Amino acid sequence: MSSTWTKAGHGFAWFFNLHLDPYRQREVEGNDSRNASRSHPNVEPYDEKDPTAAEWLLSVTPTPRGIFHYFYRLFPFLHWITRYNLTWFIGDLIAGVTVGAVVVPQGMAYAILAELEPQYGLYSSFMGVLLYWFFATSKDITIGPVAVMSTVTGGIVSRAEKEIPDVPGHVVASALAVIIGGIVCFLGLARLGWIVDLIPLPSIAAFMTGSGINIAVGQIPTMMGMNSKKKRFSTRDPTYLVIINTLKNLKYTTIDAAMGLTALLMLYLIRGICTYLAKKYPHREKMLFFVSTLRTAFVILLYTGISAGVNVDRRSNPLFSVLGEVPRGFQHAAVPDLDPKILSFFTSELPAAVIVVLIEHISISKSFGRVNNYIIDPSQELVAIGVTNLLAPFLGAYPATGSFSRTAIKAKCGVRTPFAGVITAVVVLLALYALTAVFWYIPQASLSAVIIHAVLDVVSPPNVVYQFWRISPLEVVIFLAGVLVTIFDSIEDGIYTTVCISFALFIFRLFQAKGRFLGVAKVRTIGDMKARNRSSEAQSLSHDEKNQAVVTNARESSISTERNLFIPIDHEDNSNPRVAVTHPYPGVFIYQFSELFNYPNATRFLDGLTAGIFKATRRTDPDSLGKLGDRPWNNPGPRRGKVLIDDTLDRPTLKAVILDCAAINNVDVTSVQALIDVRNQLDRYTTPDVVEWHFANVRNPWARRAFTAAGFGFLRPGEGADGEAGRRWKSVFSVADLADAASPLSSDGSRLGEETVNEKRASRGDDEETGARQDGSAVRQVPLYGLNRPFFHADIQEALDAVLENIEHRPTVFKA
């Protein structure tokens, strides 16, 4: 059957004039492999095979087992729920109740921020914590209303009141939550959680800082009571306008300021005092942490009590602004209205809303996962937040995502599993049914103080910005741009600004990537490395042997064996300029790719390669330029009758190029074609010689296949076999002893398999025997990479060995 398919394929290639093997690759690779095997009988033959499209398709095709695991991983609680125990429950109970006491006042405050009635914040809080635990891979994160998402929602609801006044604001908010949930859930189910990594840390910090300032400034008028009797200006204006209008209207401050400013002061005092006492009395740290954590609930209860004492007999005309009526239970439960008129209204706002949900949730969950030593699945977290926002609107909720402050509280309380969210949901449910009458008396100014206190914690302090500056000054510009745009325009535009500038910077760095020429420096490593490595060996030696080993270690432990180190020839890696670094051999160049080698930067990489080579070498045969009329217009030579002194005679001719491809993961057609063009250009430069191209550290099999398809990696036909076949080229490759490779690791584990792999250099024609034991028996060896591609090397040193080993065995026509 295979021969039939082969014949059919050859017929297809003949019909369409396809060149299946333009470089006679099969013939040449077979010769290279046979020659290397004959030279080293103890080395088992190994030929490298190219990956195929069919193999790739097979690897990405779902299997029944893979499909089962895909659906099984959608419900992570199944992994741990059967091991749930009393110890876990106690930790979850403490954390759940504590977070519940915080989320109730915060949820109502954020609902007001979203231009909705307070109960909608409780609905979002209840559904967020109740649904999340089914799909969670983070035990710490708490889903619910947050300040930034509430601000974005509030902006949409505020505009809806003007443009579609017949649609209630909570209907618009619920529809927004469903659409956001659908988008995010799709991203999670498609396993696209990595998309969040496109947003860098400075962008997230700018977004959080700008949003925090925006929200805090917008809550000051409410805290001061300026808009309590009459709405004098909009707090939805750009932040700088809100600041100006606030200063203009300070004369309209009411008694609400007493309830707001003192509440804000008390929140900071409680936290500051608890922090101070925790440092002074470490044994009381746990108790003081809970006191500090519950400060929001305590302050709200205190000021609610004050408000009730003042306004109990004047409900029709309260002394200061209060929260007002909060319906009992889920009175707004309904199927979300997805009318096209509503959906088209906020379509332009969707990208910013989705980015806010993604940024807040994934960044928080990753951060706490690292702190508490567990790994989250970003894609599964998107499923969790997506399902939550899809189902929560059926009870009247608006968009929710991860809350930093409540997540921090939950983690510090010692939460054990995501089941703590169910306990938090019970607390919210009790508040919805048992405390709604008390909610009427909550001062709005005190709620504004709670919001200000919460959002100012997400503002990046100056030290964080300074650390950004030390690491990457350009990204401080991104940070400042995001903050300024948020302050002078809007949160949405601030998000777009930071994301776009960050992406532009990434593209700029990719396009402007440049390679570097490496030179060789002779170095030694100083330290006690050998003595440490031999300590485990000494344990198995006799007394006399130990004494001899001590003497040997004392003599050799101070300085290790001299070796070659490959560093940039111009010391641009900040190495010591006093260290002598030279090209490894006249006419031999080592060139390192610093980034991915793809179409955006291929030209820049290779231009740098050719420019450096032309600067350091001379043309092999000056007469190859031909007559004046045959020369290129930009290099016509001297004028007629004038003799030009050639100042390049002392330069070597180009012999070989070694490419360090450690930074390359994949290549494309454009980059490989550019490399072919450079090869042809340099072959013309060195005619009648040809340039040897060696590749080191090519780890990706598809990249190796691409280079091979372009005629690299093996000896091209016509490059020379003078005399006996294989005499011109001496293969140099790395091998491992098969017996050692199959032996188990040392039981003490201290040497980490130091002797498991014994990499050796095998060179055709070497006099030293590399395949014998001390007892005279042969050791079977296997090559690390295929013998059929002698120009692909395990590392730079092997590539250089191959070049230098063969530099004197080139045919006469190749020698300058």
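For the structure, see preceding data.
Rules behind the numbers
- Residues numbered from 1 in each chain as written.
- Predicted model: local features only at pLDDT ≥ 70, side-chain atom pairs only at ≥ 80, totals over all residues.
- Heavy atoms only, no water.
- Phe/Tyr/Trp six-rings, centres within 6.5 Å; stacked < 30°, edge-to-face > 60°.
- Helix = DSSP H or I, 4+ residues; strand = E, 2+ residues; numbered from the N terminus.
- Buried < 20%, exposed > 50% of the residue type's maximum accessible area, 1.4 Å probe, protein only.
- 1 Å grid on protein atoms, 1.4 Å probe; cavity = no way out; pocket = protein on both sides within 12 Å on 5 of 7 lines; lining within 4 Å.
- Points joined across faces, edges and corners; volume = space filled by probe spheres on them.
- Nonpolar A, V, L, I, M, F, W, Y, C, P; charged D, E, K, R; others polar.
- Pairing = 2+ DSSP bridges.
- Contact = heavy atoms within 4.5 Å.
- Axes fitted to C-alpha atoms, helices over the stretch in contact; angles between N-to-C directions.
- Expected span 1.5 Å × (residues − 1).
- Salt bridge = Lys/Arg side-chain N within 4 Å of Asp/Glu carboxyl O.
- Parallel < 35°, antiparallel > 145°, perpendicular 65-115°, else oblique.
- Left-handed = near helix turned anticlockwise from the far one by under 90°.
- Polar contact = N/O pair within 3.5 Å; in protein donor to acceptor, adjacent residues only side chain to side chain.
- Right-handed = clockwise from strand over helix to strand, strands pointing away.

To continue, consider the packing of aromatic side chains. Counted under the stated rule, the structure contains 33 aromatic pairs. When the ring of Phe68 is compared with that of Tyr72, the centres are 6.0 Å apart and the planes differ by 10°; the resulting orientation is stacked. Of this pair, Phe68 and Tyr72 both sit in helix α4 (residues 64-73), separated by four residues, roughly a single helical turn. Residue Tyr72 is classed as partly exposed on the basis of its relative accessible area of 32%. With a centroid separation of 5.9 Å and 75° between ring planes, the pair formed by Trp693 and Phe712 is classed as edge-to-face. With Trp693 in strand β7 (residues 692-696) and Phe712 in the loop between α29 (701-709) and β8 (732-737), the pair connects residues that are 19 residues apart, well separated along the chain. Given a relative accessible area of 2%, Phe712 falls into the buried group.

Quick look at empty space enclosed by the protein now. Scanning all chains against the criterion turns up five cavities of 30 Å³ or more. Its boundaries defined by the atoms lining it, the largest cavity holds a volume of some 170 Å³. Along the walls of the largest cavity sit 18 residues, with Tyr110, Ala147, Glu360, Phe404 and Val458 positioned nearest its centre. Those elements that place two or more of their residues in the lining of the largest cavity are α6 (86-113), α8 (147-163), α10 (201-224), α18 (404-412) and α21 (444-455). Broken down by element, the lining of the largest cavity gets its largest block of residues, four residues, from α10. Taken together, the residues of the lining of the largest cavity break down into ten nonpolar, six polar and two charged. Taken as a whole, the second largest cavity encloses approximately 100 Å³ of empty space. If you trace the second largest cavity, you find 14 residues lining it, with Val732, Phe733, Gly786, Arg789 and Phe792 closest to the centre.

Turning next to the sheet that holds strand β6 (residues 656-660). With mixed pairing, the six strands of this open sheet are ordered in space as β4-β3-β5-β6-β7-β11. Among the strands making up the open sheet, the edge pair consists of β4 (563-568) and β11 (792-793). Across five bridges, the pairing between strand β5 (residues 588-592) and β6 is parallel. Bridge pairing in β6 links Gln592 to Asp660. Helix α27 (residues 602-616) contacts β3 (516-523), β5, β6 and β7 of the sheet and is inclined by roughly 155° relative to β5. Along the sheet face, helix α28 (residues 669-686) touches β6 and β7 and points at about 145° away from the line of β7.

Right, let's get into α8. With 17 residues, α8 ought to run about 24 Å at 1.5 Å a step, and its terminal C-alpha atoms sit 24 Å apart, in line with that. In terms of burial, α8 is a largely internal element, twelve of the 17 residues being buried. Looking only at α8, the buried set comprises Ala147, Val148, Met149, Ser150, Thr151, Val152, Thr153, Gly154, Ile156, Val157, Ser158 and Ala160.

Moving on, we get to the pattern of salt bridges. Under the defined criterion, the tally for this structure stands at eleven salt bridges. With a closest N to O distance of 2.8 Å, Asp50 and Arg789 form a salt bridge. With Asp50 in the loop between α2 (25-39) and α3 (53-60) and Arg789 in the loop between β10 (781-783) and β11, this residue pair connects regions lying 739 residues apart in the sequence. Judged by relative accessible area, which is 2%, Arg789 ranks as buried. Two residues, Glu572 and Arg516, come together in a salt bridge whose shortest N-O distance is 2.9 Å. Placement of Glu572 in the loop between β4 and β5 and of Arg516 in strand β3 is noted, with a sequence separation of 56 residues between them. The exposure class assigned to Glu572 is partly exposed, which follows from its relative accessible area of 37%. The partly exposed category is assigned to Arg516, whose relative accessible area is 25%.

Turning next to the packing of α10 against helix α11 (residues 239-248). To describe two helices that pack against each other, one gives the angle between their axes and the distance between the axes. The geometry of α10 relative to α11 is characterised by a closest axis approach of 9 Å and an angle of 25° between their N-to-C directions. In terms of orientation, α10 lies roughly parallel with respect to α11. Taken as a pair, α10 and α11 cross one another with a handedness that is left-handed. Contacts from Ile213, Asn214, Val217, Gly218, Ile220 and Pro221 of α10 reach α11 at Thr239, Val242, Ile243 and Thr246.

Attention now goes to the environment of His793. Assignment of secondary structure puts His793 in strand β11. Considered as a pair, His793 and Ser734 are 59 residues apart in the sequence and their alpha carbons are 8.2 Å apart. One polar contact links His793 to His694, side chain to side chain, over a distance of 2.9 Å.

Bringing the pairing of β7 into the picture now. In terms of residue burial, β7 counts as a mostly covered element, since five of its five residues are buried. Taken together, the five bridges between β6 and β7 define a ladder with parallel strand orientation. Counterpart to Ala656 in the pairing with β7 is Glu692. Each parallel crossover has a hand, and for β6 linked through α28 to β7 it is right-handed. Here two bridges tie β7 to β11, and the two strands are oriented parallel to one another.

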